[in-house]
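# Topology and contacts: notes
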Amino acid sequence: MSDRAPLRKDQEARILPEGWRSLLLETVARRKSGHTPDKESPAYWNGGIKWVSLADSSRLDKGLIYETNKEISEEGIKNSSAVLLPEGTVVLSRDAGVGKSGVLASSMAVSQHFIAWDCSKSKDIHNWYLYHWLQRRKPEFERVAVGSTIKTIGLPYFKKLAITAPSIWEQERIAEILTTWDSAIATSELLLSNSKKQKKALIEQFVRRSDGWKSERLDEIATRVQRASDGSDNPVLMISAATGFIPQSEMYSRFMAGKSLESYILLQQGEFAYNKGNSKTYEFGCIYPLDGFKQGLVPHVYICFVMDERACFRPFYKYLFESDYLHDQLGSLVNTGVRNNGLLNIRPTDFMSMTVPVPPMSEQKRIADILDTASATVRELELSIERLKVEKAALMQQLLTGKRRVRVPLPTEAQPA
């Protein structure tokens, strides 16, 4: 069988870079799949053989897969269609989490939700080149997956899958470059994770302690804001539990307010709003100040308020609310669960009756300065990671299409006599 894949018309119109070929992946790597041993047979499980399943979705797209959520046994292998795949095998999820991929760090098995390619004996495809090539094609995998409940990609698609590639030596060099880029991103993500933990520890240390601080009801140090629209072309905003205020169109990909915009509240920069929607991060809703916008319209179901500047330093309270300080008090107010609109049933008067600490102003400012520095470090790392990912995507586009070539000396055995 020829290892050259038949080209589609659109491919025929495109001239491959010098030395590149279009190959049927089926013919240059050993395709394998997996299976789930009988779950009712304990002897088939927990036998020390790592088994990649959909439960390992969070371990994919990170290069090597070291660990798995579940293990199977040799008996499980013998009595199912599961097979033991060698170290270095490239796996791709074709069901839930479709398009996610990884490289096995050791010998493992996979469930039937994965397709695998063993390149260990291939002279045409390098496994890490294949991994990066699959990563670049994730949008296409997501697009071709079909199914009403769980989207999946059928086996016929992979049998016809063609890959364009240069010589094996150039593939290896391309893979080295992209893997180095991944390592830089992984290192930055680890630094970001540590910085977030450090910031959280500082908040616990400085903000959530209340020894010696007086407490006040919110309605004693803050005033509700129920300002109507001024008729200007103000942005329509929503609160995201993860990031704070964002344009409504960004949250829903379309304008949702319609005629109800007339009832929206006009919030000004520095004023706070409480979103009664529960989330994984904030069980009983979240509170954010309006930053990044001079003013904006927010839904009337938000409880909006402005802190008294004579007693309250706004950045301190931003961090106090970010720490979910009011969690327990909000929980005691919620006694009817979530309403049909997904919002917690909390009355504004009850909300404004909750208490918050009021440290001396000088202490509020000192604490806010410390946390501002920690926040700046976190933001700087987030921006650095975004830049690295953008740069890597551009590099992938160039290296994996041959628009940027990597010149490598031929090994001795490949040089002409």
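Note that the coordinates shown come from a computational prediction; the quantities given were computed from them, not determined experimentally. (Residues numbered from 1 in each chain as written. Predicted model: local features only at pLDDT ≥ 70, side-chain atom pairs only at ≥ 80, totals over all residues. Heavy atoms only, no water.)

## Regarding the sheet that holds strand β12 (residues 222-224)
Strands sit in the order β12-β19-β16-β17 across an open sheet of 4 strands; the sheet is antiparallel. The open sheet terminates on both sides in strands that have one partner only, identified here as β12 and β17 (286-289). The average angle at which neighbouring strand axes cross in this sheet is 30°, direction not considered. Its contacts with the sheet place helix α10 (residues 314-322) against β16 (272-275), β17 and β19 (303-307), and it is angled at close to 10° to β16. (Pairing = 2+ DSSP bridges. Helix = DSSP H or I, 4+ residues; strand = E, 2+ residues; numbered from the N terminus. Axes fitted to C-alpha atoms, helices over the stretch in contact; angles between N-to-C directions. Contact = heavy atoms within 4.5 Å.)

## Concerning the side chain of Ser323
Note that Ser323 resides in the loop between α10 and α11 (327-333). Here Ser323 is in contact with Ile203 and Arg208, once residues within four sequence places are set aside.

## As for the pairing of strand β9 (residues 114-118)
Along any regular strand the residues' side chains alternate between the sheet's two faces. Counting buried residues in β9 gives 5 out of 5 residues, a clear majority hidden from the surface. The sheet contact formed by strand β6 (residues 90-93) and β9 spans 4 bridges and is antiparallel. Residue pairing for β9: Ser93 is matched across the bridge by Phe114. (Buried < 20%, exposed > 50% of the residue type's maximum accessible area, 1.4 Å probe, protein only.)

## With respect to the pattern of salt bridges
Tallied over the full model, the rule gives 20 salt bridges. A salt bridge links Glu170 to Arg405, with the nearest nitrogen and oxygen atoms 2.9 Å apart. On the criterion of sequence distance, the pair formed by Glu170 in helix α7 (residues 168-206) and Arg405 in the segment after α13 (361-399) is long-range, its members being 235 residues apart. Judged by relative accessible area, which is 24%, Arg405 ranks as partly exposed. Residues participating in the shared-partner salt-bridge network are Lys196, Arg379, Glu382 and Glu386. (Salt bridge = Lys/Arg side-chain N within 4 Å of Asp/Glu carboxyl O.)

## Things to note about unusual backbone geometry
When glycine is set aside, most residues are seen to have a negative phi, and most peptide bonds are trans. Unusually for a residue other than glycine, Asp61 sits at a positive phi of about 65°. If you check the backbone angles, Asp324 has positive phi at about 65° while not being a glycine. With respect to the helices and strands, the residue Asp324 is situated in the loop between α10 and α11.

## Considerations on the UniProt feature "coiled-coil region" (unreviewed entry) in the protein
This chain's UniProt record puts "coiled-coil region" (unreviewed entry) on residues 371-398. Between the C-alpha atoms that bound residues 371-398 the distance is 41 Å, and the span itself is 100% helix and 0% strand. (UniProt positions renumbered as here; feature names shortened; annotations may be inferred.)

## Let's talk about the nonpolar core
Core analysis: the largest hydrophobic core is formed by 35 residues, its most contacted members being Leu218, Phe305, Met307, Tyr317, Phe321 and Phe351. Only α7, α8 (218-221), β16, β19, α10, β20 (355-358) and α13 provide two or more residues apiece to this core. For this core, the element with the most residues is α10, which contributes 5 residues. Leaving out residues up to four positions away in the same chain, Leu218 has contacts with Phe305, Met307, Phe321, Phe351, Met352, Met354 and Val356. In this structure, Ile115, Leu134, Ala175 and Leu395 belong to the second largest nonpolar core, which totals 34 residues. (Core = buried A, V, L, I, M, F, W, Y, C linked by side-chain atoms within 4.5 Å.)

## Re the UniProt feature "domain: Type I restriction modification DNA specificity" (unreviewed entry) in the protein
Within this numbering scheme, the UniProt entry marks residues 17-187 and 343-377 as carrying the feature "domain: Type I restriction modification DNA specificity" (unreviewed entry). Secondary structure over residues 343-377 splits into 60% helix and 11% strand, and the C-alpha atoms at its two ends are 34 Å apart.

## Thoughts on the environment of Met108
For Met108, the position within the fold is in the loop between β7 (101-104) and β8 (109-110). Given the relative accessible area of 0%, Met108 is considered buried. A sequence separation of 209 residues divides Met108 from Tyr317, and the C-alpha atoms of the two residues are 50 Å apart. With residues up to four places along the chain from it excluded, the contact list for Met108 reads Lys50, Val52, Ile65, Tyr66, Thr68, Val83, Leu84 and Leu85.

## Looking at the packing of aromatic side chains
With the rule as written, the count across this model stands at 14 aromatic pairs. On the numbers, 5.5 Å between centres and 10° between planes, the contact of Phe272 with Phe305 is stacked. With Phe272 in strand β16 and Phe305 in strand β19, this pair connects stretches of sequence that are 33 residues apart. Phe305 gets classed as buried once you look at its relative accessible area, which sits at 0%. Taken together, Trp213, Phe272, Tyr274, Phe305, Phe316, Tyr317, Phe321 and Phe351 form an aromatic cluster joined through their ring pairs. (Phe/Tyr/Trp six-rings, centres within 6.5 Å; stacked < 30°, edge-to-face > 60°.)

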